[in-house]
Amino acid sequence: MDRADLQPRVRDVAGAIETMETRGAANIADAAADALRAQADGSEAETAAALLAELRAVARLLLATRPTAVSLPNACRYVLRRTGGDSVEAVRASAVESVAEFRARLETAQRDLGQVGANRLRDGDTIMTHCHSTDALACVEAAVDDGKALTALVKETRPRKQGHITARELTELGVDVTMVVDSAARRYMNEVDHVLVGADAIAADGSVVNKIGTSGLAVVARERGTPVVVAAGTLKLDPATMTGNAVEIEMREESEVLDETEREAIGDISVENPAFDVTPPRYVDAIVTERGQFPPESIVTLMRELFGEGPTEPWQEP
Ligand code: RUB
C-alpha cells in the first residue's frame, strides 16, 4: 500500500500509540479499531479487494507500534475477520459496523468485569495499584457505586509515573489516595487487602504481562498473603501463546530512565528499560474478566473457547 493512501487519522493513531500519548491496552485497542474505521470510511479504493488490502496494511502498521499489548492484534483480528464483501461499499459498511460493535463490546466488557472485580472488594478495604489500568479502575468504580468506601496506596510506577493518572482518577471517584514510590511496596503491604492491577497480555499458562514492577509487587504480596487480582478483559488473552509463542517484552528508550544531564554526570554505563514484566501464575489469585473470575491456571479453557486452538492472522496477504 502506498503511504499516500493512508488516511491521516491512521497516521495520527499510529503516532499517538508509538509516542504513548495513547497508552494502556484497552485505549490502544479502541484507537486501533478507530484507525481501521477511518481507513474504511475515507479510502478511495476502487475495488473490494483493494480496500481489504488497505485495511490489512493499516493493521500491520498498527501492530508494529507497540509489541506487547495483545489488545492491538486482538482488535485488528476482531474487525478484519468480520470485514468483507463483493463491493467497496459492502467492505466499507462491514468494517464500520464491526468497529462499532468492537468498541461497544469493549465498553460493556469493562463494565461487566468491573462488577466482578467489585464483588471481591469489601467496604473499608485498602487496595494497592501499579501503573494505570482502566480495567482495574472499572472494578474500583463499580465498588464505589455499590456504596463501598475504599482506600488506595498508589505506586508511582517508574519510569513514566503512570501512577499519577491512577491517583487522579481514584481521587475523582472519591477514593482516599496515598502515593508511594515503587520501592515502598513491601513497607506498606501489611496495610493492603488486595493488590489490584491490569494486564497487557495474559498467556495460556496464566502468566500475566503487565507494567514493569508488577511481578515484584506480586511476589511481595504473596509473601504477606495479600491477594493479587488482575483485572483484564478477554481482549488481553493472547491466543498466540496457546501454540507456544512467548509474549514479546517491549524495550524502551533509556531517556525515560535518565535525562541527558544525569547520563553525562554518571558516565559510561548501559541502561535497560523494559516496559513490562511477566508474573507467573502462582503469584496471581484471580484474573477478573467480563466472563467471570478465573484462577490463572484455568484461563486457557476460556482462551480455547474464544480462539479455538490458535491465533489467526487476517492482516497477512492471502
Ligand atoms: C499500561 C499498563 C496497564 C495495562 C492495562 O502500560 O501496563 O496496566 O495496559 O491497562 P503503558 P488497561 O502505559 O506502557 O501502555 O486496563 O487500561 O487496558
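Residues numbered from 1 in each chain as written. Predicted model: local features only at pLDDT ≥ 70, side-chain atom pairs only at ≥ 80, totals over all residues. Heavy atoms only, no water.

With that settled, the discussion passes to the domain arrangement of the protein chain. Under the domain assignment, the protein chain is made up of domain 1 (3-112) and domain 2 (113-307). Between domain 1 and domain 2, the contact holds 23 residues from the first and 32 residues from the second. Counting each side, the surface lost to burial between domain 1 and domain 2 is near 1,900 Å², with a carbon and sulfur contribution of 54%. It is R23, T68 and Q110 that lose the most area in domain 1 upon contact with domain 2, and together they represent 29% of the buried surface on that side. The interface formed by domain 1 and domain 2 holds 1 salt bridge in total. The salt bridge partner of E250 is R66, with a shortest N-O separation of 2.9 Å. Where domain 1 touches domain 2, the interface holds 16 residue pairs in polar contact (both at pLDDT 80 or more). Here the element with the most residues in the side of domain 1 that touches domain 2 is helix α5 (residues 88-120); it accounts for 6 residues. Partitioning the side of domain 1 that touches domain 2 into residue classes produces 11 nonpolar, 6 polar and 6 charged. (Domains from an automatic or database assignment. Contact = heavy atoms within 4.5 Å. Buried area = accessible area lost by both parts, 1.4 Å probe. Salt bridge = Lys/Arg side-chain N within 4 Å of Asp/Glu carboxyl O. Polar contact = N/O pair within 3.5 Å; in protein donor to acceptor, adjacent residues only side chain to side chain. Helix = DSSP H or I, 4+ residues; strand = E, 2+ residues; numbered from the N terminus. Nonpolar A, V, L, I, M, F, W, Y, C, P; charged D, E, K, R; others polar.)

A sheet is described by the order of its strands in space; here 7 strands give the open sequence β3-β2-β1-β4-β7-β9-β10, paired in mixed fashion. The open sheet terminates on both sides in strands that have one partner only, identified here as β3 (176-180) and β10 (292-294). When strand polarity is set aside, the average angle formed by the axes of neighbouring strands in this sheet is 25°. The strands that α5 touches are β4 (194-197), β7 (228-231), β9 (286-289) and β10; relative to β9, the one it contacts most, it runs at about 140°. Here helix α6 (residues 134-145) sits on the sheet and contacts β1 (126-129), β4 and β7; the angle it forms with β4, its principal contact strand, is near 130°. (Pairing = 2+ DSSP bridges. Axes fitted to C-alpha atoms, helices over the stretch in contact; angles between N-to-C directions.)

A few words now on the packing of helix α2 (residues 25-42) against α5. In the contact formed by α2 and α5, the axes pass within 8 Å of each other and the chain directions differ by 165°. In terms of their interaxial angle, α2 and α5 are classed as roughly antiparallel. When the axes of α2 and α5 are compared, the crossing they make is left-handed. Across from A26, A29, D30, A33, D34, L36, R37, A40 and D41 in α2, the residues of α5 making contact are R92, A95, V96, V99, F102, R103, L106 and Q110. Residue classes in the contact of α2 with α5 are distributed as 10 nonpolar, 1 polar and 6 charged. (Parallel < 35°, antiparallel > 145°, perpendicular 65-115°, else oblique. Left-handed = near helix turned anticlockwise from the far one by under 90°.)

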